[in-house]
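# Survey of secondary and tertiary structure
Now for the letters of each chain:
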Amino acid sequence: MRGVVEPSPPGELRVRVPLGMLDRGAALLTEHGGRFVTLLVAERPERSLIAVFAARGELVCLRAVLDREARAFPSLSLVLPAALWAERELFERERIEPLGHPALEPILRPDADEIAPWVQGDEAFVLPYGPIRSGVFEAIQFVIDTAGEDVLALRTRPFFKYRGLEQRFEGASPQQGACIAERVAGIASVAHGLAYAHAVERALAIEPPERARWWRVVYAELERIANHLDVAVREAEAAALVVGQARMAILKEDVLRLQARLTGSRFARGMVIPGGVRAEGAVALAALSAEFDRLERQLRRDRRLLLRTTSFTDRLIGSGALDRPTVEAFGGVGPVARGSGISTDARFERPYGAYDRVGFEVITRDDGDAMARVEVRFGEIAESLHLLRQAIDRLARHDGPLWVELPSVAGAALGWAEAPQGELVYWVELDGDQIARTRIASPSLRNWLLFAESFRGDVLTDFAFIEYSFGLTPAGADR
Amino acid sequence: MLEWIVRGLGAGRVTTRYPRAPEDAPAGFRGSIALLDAGDPPIGLEDICPTGAIRISDGRVRLDRGRCVLCGACVERAPERFAFVARYETAARSRAALVAGGAEDGDVPALRRTLAQRVGALRRSIHVRHVDAGSDGAEEWEIAALQNPYYDVGRLGIFFTAAPRHADVLLVSGGVTPPMRAPLERAFEVMGEPRAVIAAGTDACSGGLAGDGRVAGGVAEVLPVDVFVPGSPPSPIALLHGLLLAVGILEESP
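Residues numbered from 1 in each chain as written. Chains lettered and ligands numbered in written order. Predicted model: local features only at pLDDT ≥ 70, side-chain atom pairs only at ≥ 80, totals over all residues. Heavy atoms only, no water.

This part covers the overall build of chain A. From N to C terminus, chain A includes 16 helices and 15 strands. Judged by the C-alpha coordinates and their principal axes, chain A covers about 70 × 60 × 35 Å. By the burial criterion, 64% of the 479 residues in chain A qualify as buried. Look at the contacts in chain A between residues 6 or more apart in sequence, and 68% of them connect residues 24 or more apart. (Helix = DSSP H or I, 4+ residues; strand = E, 2+ residues; numbered from the N terminus. Buried < 20%, exposed > 50% of the residue type's maximum accessible area, 1.4 Å probe, protein only. Contact = heavy atoms within 4.5 Å.)

Listed below in structure tokens is the structure:
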């Protein structure tokens, strides 16, 4: 196979390949440990199909030019199950057919009532769960084939919330784009703001000032803690552990309130902008440090108690187990991958912002079950607090500007950030002072592909525990 | 289990007294936008807003909070006209009441007293059914927060229910995507009378930022909405404010 290496921004490796060779290029990269990220159609420098892979500290882009007649390409899904949904979405949005795709059905316009069983048998029946579910949930549908208790087969149906937000970026200014990115997945506003800002900054070849990078660490790590605590709240609720749920909910609320005092928004919206951050955090650094101490003290006791409560841990241990080869085949990221022993974290593999100047550990567990994913999250909260302290320390010692002006030039690049759900990647094309195109590869969509794989001998009553342990957001997946 | 009981008691009381006592937002909280000066707008003022919340009519500025996603572009570009207000109580009983520049906001302390009396006089509990019709996910966190010990809406007789047939209030987030339209309509149809519908969040009020014409312009295009709670997302107190307004509508019903 012959590819031509093209000039690329640091951290990205763009290789031009013929369209008909895309599948072989993908297979080759996968053999060498590459992980499929996404497939997207770019318009700059020319209309191309780009397959993105994460490999050895770089994002490798296999770029195939799409000429006027190009209507199809060899499907990657045959060797890479990770591409199953990405190819269906691409076909529906761009009308480019992945030839040989095993199930090329429409995906973007799900019908809640259109449900056919997969499993045939006297005892088996099909149970639709969602898109409206009992409780406060985002809209998504699961179709469960069951014989009463055992889950025989499970299908996840996303895109009930497909809002077309990627198109909304087109024609926006880079600053307006930040506002849109923050609203793609509200619970990961900072991560989306960051991945977007990184893409813009890389496309324009600018660096945000040092102080901005440290503040970005503060907002992003607080967001991670809130998300991981949210998983703990839901797991405790599922286990009917009333006080445990209340304690975790109090701590999560404390973090959101701290974000509100710092930024004016409980989700830290409006702070990350391309080129830097809009403002200093509004809480004095010493007070912030005291808040971290308080949070850590409270959390240490509650966490110890929670992980010692057998009515809690019994429901998690062994539930929804995923082995490492399955996670790799489906391109799993974030705490889901780390719970199955895969040490992947964009902050560590492809450090952005200030993450190359801090010490932290990538937490992994080998068991691959719901318990492992919950333990990974608790471990990560401790690491986030450690990162927050390092950021506060730097902010206290150095002063400086918060943002740089953006030059008005054209460019296109990938940007990434480790969201609480996992690796988040943005592709942004800029045309002077306007966004021309944006594509988003969300961790939620990729990990949801794995959700069905995690049911191996699990029963219906395990469902909630397994789902919450994934900690995903339909809004982020659907965009 | 004993340890949990001790832990629970040791935390003390954290619950807000709202609406019996006011709950103040922290300084700098981006709760809403105030229109400081509606007169003599310069040409192009409305272009500042990415969601079309700023309109000019009859030479006066109109600010539609039902369209505002609180991005702050207007505050940054025209600080003499627009400012963030650190307030939680943003809900209103009509879409028109969210538009600033016409009649200004009512007497907030008086309104809160009415809400407190209403809660005191509540003859029965209120059951709320939540439906996500295409939110960004932040609304769900804020709605779920209403059940945490800080807000604990159960103390007011407000409960979340799984069954729409038992629900008095339908709390809808998101601007209504096409696949959610039919499920949303069905959830409403099976509710008994009297019932109230709340549009929770700017997307639910107007469609908000959502995209390429796929999403409806808010819940009101699909269902009769009784209470609008703008915000991106609305804070838990804003949602509680909206719920209490909905309780009033139910109480007024014959």
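Next, the rest of the story.
All names here are of chain A. Spatially, β1-β2-β5-β4-β3 is the arrangement adopted by the 5 strands of the open sheet, whose pairing is mixed. Of all strands in the sheet, those bounded by a partner on one side alone are β1 (4-6) and β3 (35-42). On average, each strand axis in the sheet is inclined to that of its neighbour by 25°, with strand direction left out of account. (Pairing = 2+ DSSP bridges. Axes fitted to C-alpha atoms, helices over the stretch in contact; angles between N-to-C directions.)

If you look at the biggest cluster of nonpolar residues, it comprises 107 residues, and the most contacted ones within it are Tyr 196, Trp 215, Val 218, Tyr 219 and Tyr 426 of chain A. Broken down by element, this core gets its largest block of residues, 14 residues, from helix α6 (residues 210-238) of chain A. (Core = buried A, V, L, I, M, F, W, Y, C linked by side-chain atoms within 4.5 Å.)

Residue and element names in this part refer to chain A. For the structure shown, the criterion picks out 58 salt bridges over all chains. Of the charged contacts, one joins Lys 252 and Asp 230 as a salt bridge, the two residues approaching to 2.9 Å between their closest N and O atoms. Taken together, the residues Lys 252 in helix α7 (residues 242-263) and Asp 230 in helix α6 connect sequence positions 22 residues apart. Each member of the pair Lys 252 and Asp 230 is classed as buried. Salt bridges sharing common partners tie together Glu 221, Arg 224, Arg 338, Asp 345, Arg 347, Glu 380 and Glu 418. (Salt bridge = Lys/Arg side-chain N within 4 Å of Asp/Glu carboxyl O.)

Turning next to the interface of chain A and chain B. Quite often, the size of an interface is put as the accessible area lost when its parts meet. Contact residues are listed per partner, giving 63 residues for chain A and 57 residues for chain B. For the pair chain A and chain B, the summed buried area comes to about 5000 Å², and 59% of that belongs to carbon and sulfur atoms. In terms of surface lost to chain B, no three residues of chain A exceed Ile 132, Val 136 and Arg 163 of chain A, which account for 14% of the buried area on that side. Inspection of the region where chain A meets chain B yields 6 salt bridges. Here Glu 76 of chain B ties to Arg 278 of chain A by a salt bridge, and the two come within 2.7 Å at their closest N and O atoms. At the surface where chain A touches chain B, the tally comes to 23 residue pairs in polar contact (both at pLDDT 80 or more). Looking at the side of chain A that touches chain B, the elements with two or more residues in it are α3 (165-168), α4 (174-181), α6, α7 and α8 (285-308) of chain A. Looking at the side of chain A that touches chain B element by element, the count peaks at 14 residues for α7 of chain A. For the side of chain A that touches chain B, the class distribution of residues is 29 nonpolar, 13 polar and 21 charged. (Buried area = accessible area lost by both parts, 1.4 Å probe. Polar contact = N/O pair within 3.5 Å; in protein donor to acceptor, adjacent residues only side chain to side chain. Nonpolar A, V, L, I, M, F, W, Y, C, P; charged D, E, K, R; others polar.)

Another point: the packing of aromatic side chains. All chains considered together, the criterion is met by 20 aromatic pairs over all chains. Aromatic pair Tyr 355 of chain A and Phe 360 of chain A: ring centres 6.3 Å apart, planes at 70°, arrangement edge-to-face. Residue class for Phe 360 of chain A comes out buried when judged on its relative accessible area of 12%. Through a chain of ring-to-ring contacts, three or more aromatic side chains come together here, namely Tyr 129, Phe 142, Phe 451, Phe 455, Phe 463 and Phe 470 of chain A. The ring of Tyr 468 of chain A is capped by Arg 234 of chain A, whose NZ or CZ atom sits 5.8 Å from the centre of that ring. Between Arg 257 of chain A and the ring centre of Tyr 150 of chain B, over which it is positioned, the NZ or CZ distance is 4.2 Å. (Phe/Tyr/Trp six-rings, centres within 6.5 Å; stacked < 30°, edge-to-face > 60°. Lys NZ or Arg CZ within 6 Å of the ring centre and 35° of its normal.)

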